[in-house]
Amino acid sequence: MSNKISTPIALKLELQGVNDIDTATAILRRAEWKLIREMRENFLDTMSFSEIGTRNETLLSFCTMFMEWVRHFHGGTDQSIVEKDLDTHSINELLKPFERLRKMVR
């Protein structure tokens, strides 16, 4: 279950039927950054007020959080992530060096 998820269909299939946050988070962390960005944009474009408090809103929150972490740790904007060719890396791959650093500081 540690394989990187690199297509929207694979991500959708992995998330299908998942009801707990820990599992959804683990799946999203295996997805490529560009998929997380695409998923977030799709949620923002299609969500209605009736979906507030639903699973989609929770997934949107996680996508946003992961994107912000990556932007913070790797320098700024979505464009800079793409320019550095980091958009095909999974969230886990992008955050791994910083998680190691955090453990060393403790």
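Conventions adopted
Residues numbered from 1 in each chain as written. Predicted model: local features only at pLDDT ≥ 70, side-chain atom pairs only at ≥ 80, totals over all residues. Heavy atoms only, no water. Helix = DSSP H or I, 4+ residues; strand = E, 2+ residues; numbered from the N terminus. Buried < 20%, exposed > 50% of the residue type's maximum accessible area, 1.4 Å probe, protein only. Contact = heavy atoms within 4.5 Å. Areas by Shrake-Rupley, 256 points an atom, 1.4 Å probe, with all protein chains shown as cover. Salt bridge = Lys/Arg side-chain N within 4 Å of Asp/Glu carboxyl O. Axes fitted to C-alpha atoms, helices over the stretch in contact; angles between N-to-C directions. Parallel < 35°, antiparallel > 145°, perpendicular 65-115°, else oblique. Left-handed = near helix turned anticlockwise from the far one by under 90°. Nonpolar A, V, L, I, M, F, W, Y, C, P; charged D, E, K, R; others polar. Lys, Arg positive; Asp, Glu negative; His and termini not counted. 1 Å grid on protein atoms, 1.4 Å probe; cavity = no way out; pocket = protein on both sides within 12 Å on 5 of 7 lines; lining within 4 Å. Points joined across faces, edges and corners; volume = space filled by probe spheres on them.

1. Notes on the overall build of the protein
Then, number 1: What the protein contains, in helices and strands, is six helices and zero strands.
Then, number 2: The N-to-C order of helical and strand elements in the protein reads α-α-α-α-α-α.
Then, number 3: When burial is assessed residue by residue, the protein has 35% of its 106 residues classed as buried.
Then, number 4: Partitioning the intrachain contacts of the protein with sequence separation of at least 6 by distance along the chain shows that 67% fall at a separation of at least 24.
Then, number 5: Only carbon and sulfur atoms are counted for the fraction: they give 55% of the accessible area of the protein, which is about 6800 Å².

2. Considering the pattern of salt bridges
Then, number 1: In this structure the tally under the stated criterion is eight salt bridges.
Then, number 2: Among the ionic pairs, D78 bridges to R71, the shortest N-O distance being 2.6 Å.
Then, number 3: Salt bridges linked by common partners bring K4, E32, K34 and E93 together as one network.

3. Some points on the packing of helix 2 (residues 21–30) against helix 4 (residues 55–74)
Then, number 1: Running from N to C, helix 2 and helix 4 cross one another at 45°; their axes reach a closest spacing of 11 Å. Taken together, the axes of helix 2 and helix 4 lie oblique to each other. Read as a crossing pair, helix 2 and helix 4 show a hand that is right-handed. In this structure, helix 2 uses I21, A24, T25, L28 and R29 to contact helix 4, whose residues at the interface are L59, F62, C63, F66 and W69.
Then, number 2: Residues of the contact of helix 2 with helix 4, tallied by class, amount to eight nonpolar, one polar and one charged.

4. Focus: the side chain of D87
Then, number 1: Here D87 shows up in the loop between helix 5 (78–83) and helix 6 (91–105).
Then, number 2: Within the buried set, D87 has no salt-bridge partner at all; the shortest N-O distance to an opposite charge, 5.5 Å, is to K34.
Then, number 3: Residues contacting D87, with those up to four places away along its chain left out, are E32, W33, K34, I81 and V82.

5. Examining the layout of surface pockets
Then, number 1: Roughly 310 Å³ of volume is contained in the largest pocket.
Then, number 2: P8, K12, L15, M39 and F43 are, among the 14 residues lining the largest pocket, the residues nearest its centre.
Then, number 3: Mapped onto the lining of the largest pocket, the elements with two or more residues apiece are helix 1 (8–15), helix 3 (33–46) and helix 4.
Then, number 4: A total of six residues in the lining of the largest pocket trace back to one element, the largest contributor, which is helix 3.
Then, number 5: Across the lining of the largest pocket, the residue classes tally to seven nonpolar, four polar and three charged.

6. A look at the environment of F62
Then, number 1: Among the secondary structure elements, F62 is positioned in helix 4.
Then, number 2: Along the backbone, F62 and L28 are 34 residues apart, and their C-alpha atoms lie at a distance of 8.0 Å.
Then, number 3: When residues no more than four places from it in sequence are discounted, the contact partners of F62 are I21, T25 and L28.

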